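Below, each chain spelled out in residue letters.
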Amino acid sequence: MQKLLTIAIPTYNRAALLDKQLAWLATAIKGFESECEIIISDNCSTDNTPGIVKKWQSTFTNTVFIANRNRENIGLMPNIAFCIQAASSKYVWTVGDDDPIQEKTLAYIVNKIKKNPSLNLMFLNCCGRDKNTNKILVKQWFSSASDEIIADSKPVFQRYLQESFGGVLFMTATIYKTELVQQALQIWNSSPQNLASQAYWTGFCAAHGNIIVTQDNYLECTMHASSLEENPRWSLMMRYVYIPEIYLKLLSLGYSSKFCQRMILENIFKLSDWKILLGALKRWPILATKIIITYFQVVGKFIYQLNFNHEKSVINISHLIAQRGGAIK
């Protein structure tokens with residue numbers, strides 16, 4: 001019998017944090033053991049992560065517990081993608097090893113998806129806490145007035161992308177319908193190479209059905225905890241390559257062309273972005289030039305896709321008119 005929820009934790013060199021997260025899970029899962037499976041994917045850690053996994057594996061005796069260790073570090077997004085692809089439950093929740101989660105959250109998720117079997121996507125609201133200062137920087141990522149299911153989810157998802165792209169990328173806040181997110185990975189099989197690809201996976205699920213965005217906070221996002229943020233290449237790639245590519249992919253899913261166009265081209269019209277780009281050209285001319293070229297290639301693909309969709313629409317309308325004309329005769 002298919003389980004209801006997979007709790008998947010991708011991890012790398014955070015043995016102490018993983019230990020703390022699994023201690024939370026051991027308490028939170030009580031009463032739901034038979035309905036859940038746990039996946040831990042160790043990205044070839046060099047610390048005591050294998051020992052922590054082994055320690056807790058013997059604790060979760062009443063739950064399916066899958067321990068994976070990659071032979072080499074395959075990268076952040078490919079490890080997250082592995083967790084999603086390995087899930088066999090109806091829904092999958094990818095959990096960060098360092099994100100504090102309220103004890104009641106797991107029970108809330110299980111009960112909510114039981115009551116809403118048509119649900120395709122859920123966003124758990126959360127606050128954002130700075131790792132270095134311990135201060136709350138974001139009180140709530142998503143604006144939501146209720147926990148009711150929303151049928152017309154594309155406009156809702158677009159609004160959240162515009163208001164808080166970073167919130168959409170926060171993996172611990174997202175619960176997917178497994179078959180849909182696995183389908184998204186299959187259709188765009190190179191998406192794990194894009195560090196913003198979770199926005200596409202969530203957008204894909206939202207495009208195919210209902211969404212719930214919780215009114216209350218259920219967890220915290222640990223901000224400024226990734227070493228990637230210290231890498232100038234990451235910042236430039238995210239701004240000019242990864243995020244524009246996401247909007248190009250969302251266009252193919254039927255999201256608003258005007259919205260996608262505005263979001264892809266916003267870097268061209270923002271003075272602050274030009275200052276960042278010019279500064280990058282001075283410090284890393286070869287890197288910045290390559291990124292600019294890639295960005296304009298994405299813009300070119302977007303323009304082509306718009307023209308292709310327009311021509312296809314004209315052909316469909318002409319075909320419909322011809323059919324109706326034949327029927328009148």
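Scroll up for the structure.
Residues numbered from 1 in each chain as written. Predicted model: local features only at pLDDT ≥ 70, side-chain atom pairs only at ≥ 80, totals over all residues. Heavy atoms only, no water.

Colleague: Sorry if this is basic, but what is going on with the pairing of strand S5 (residues 119–130) here?
Modeller: Both faces of the sheet carry side chains from a regular strand, because those side chains alternate between them. Of all the 12 residues making up S5, 11 are buried; the element is thus mostly covered by neighbouring parts of the structure. Of the strand pairs in this sheet, S5 and strand S8 (residues 210–223) are connected by 10 bridges, and their pairing is parallel. Considered in S8, the bridge of Asp130 is made with Met223. The sheet contact formed by S5 and strand S6 (residues 136–138) spans two bridges and is antiparallel. (Buried < 20%, exposed > 50% of the residue type's maximum accessible area, 1.4 Å probe, protein only. Helix = DSSP H or I, 4+ residues; strand = E, 2+ residues; numbered from the N terminus. Pairing = 2+ DSSP bridges.)

Colleague: Mind showing me how you'd approach the packing of aromatic side chains here?
Modeller: Both the distance between ring centres and the angle between the ring planes are used here to describe each pair of aromatic rings. Applying the stated criterion across every chain, the model contains 12 aromatic pairs. Ring geometry for Trp188 versus Tyr200: centroids 5.0 Å apart, planes at 85 degrees, classification edge-to-face. Taken together, the residues Trp188 in the loop between helix H7 (178–187) and helix H8 (198–207) and Tyr200 in helix H8 connect sequence positions 12 residues apart. Grouping residues by exposure puts Trp188 and Tyr200 together as buried. Ring-pair connections join several aromatic residues into one group, and the members of that group are Trp56, Phe60 and Phe65. Over the aromatic face of Tyr255 sits the side chain of Lys154, whose NZ or CZ is 5.5 Å from the ring centroid. For the cation-ring pair, Arg159 lies above Tyr160, with the distance from its terminal atom to the ring centre recorded as 4.8 Å. (Phe/Tyr/Trp six-rings, centres within 6.5 Å; stacked < 30°, edge-to-face > 60°. Lys NZ or Arg CZ within 6 Å of the ring centre and 35° of its normal.)

Colleague: Honestly, the pattern of salt bridges in this entry has me stumped. Any pointers?
Modeller: A pair can form between side chains of opposite charge whenever their charged atoms are brought close. Here the structure, examined in full by the defined rule, presents seven salt bridges. The partner of Asp19 in a salt bridge is Lys55, and the shortest N-O contact between them spans 2.9 Å. Of this pair, Asp19 sits in helix H1 (residues 15–28) while Lys55 is found in helix H2 (residues 49–57), placing the two residues 36 residues apart along the sequence. In this structure, Glu220 and Arg129 form a salt bridge, with 3.0 Å as the shortest nitrogen-oxygen distance. Of this pair, Glu220 sits in strand S8 while Arg129 sits in strand S5, and the two are 91 residues apart along the sequence. Relative accessible area serves as the criterion here: at 23%, Arg129 is assigned to the partly exposed category. Residues participating in the shared-partner salt-bridge network are Arg14, Asp97 and Asp98. (Salt bridge = Lys/Arg side-chain N within 4 Å of Asp/Glu carboxyl O.)

Colleague: Honestly, unusual backbone geometry in this entry has me stumped. Any pointers?
Modeller: Note on backbone geometry: most residues besides glycine have negative phi, and most peptide bonds are trans. The phi dihedral of Asn13 is positive, around 55 degrees, even though this residue is not glycine. Tracing the sequence through the fold places Asn13 in the loop between strand S1 (5–11) and H1. For Asn13, a relative accessible area of 29% gives the class partly exposed. The backbone of Asn134 shows a phi angle near 65 degrees, a positive value even though the residue is not glycine. Tracing the chain through its elements places Asn134 in the loop between S5 and S6.

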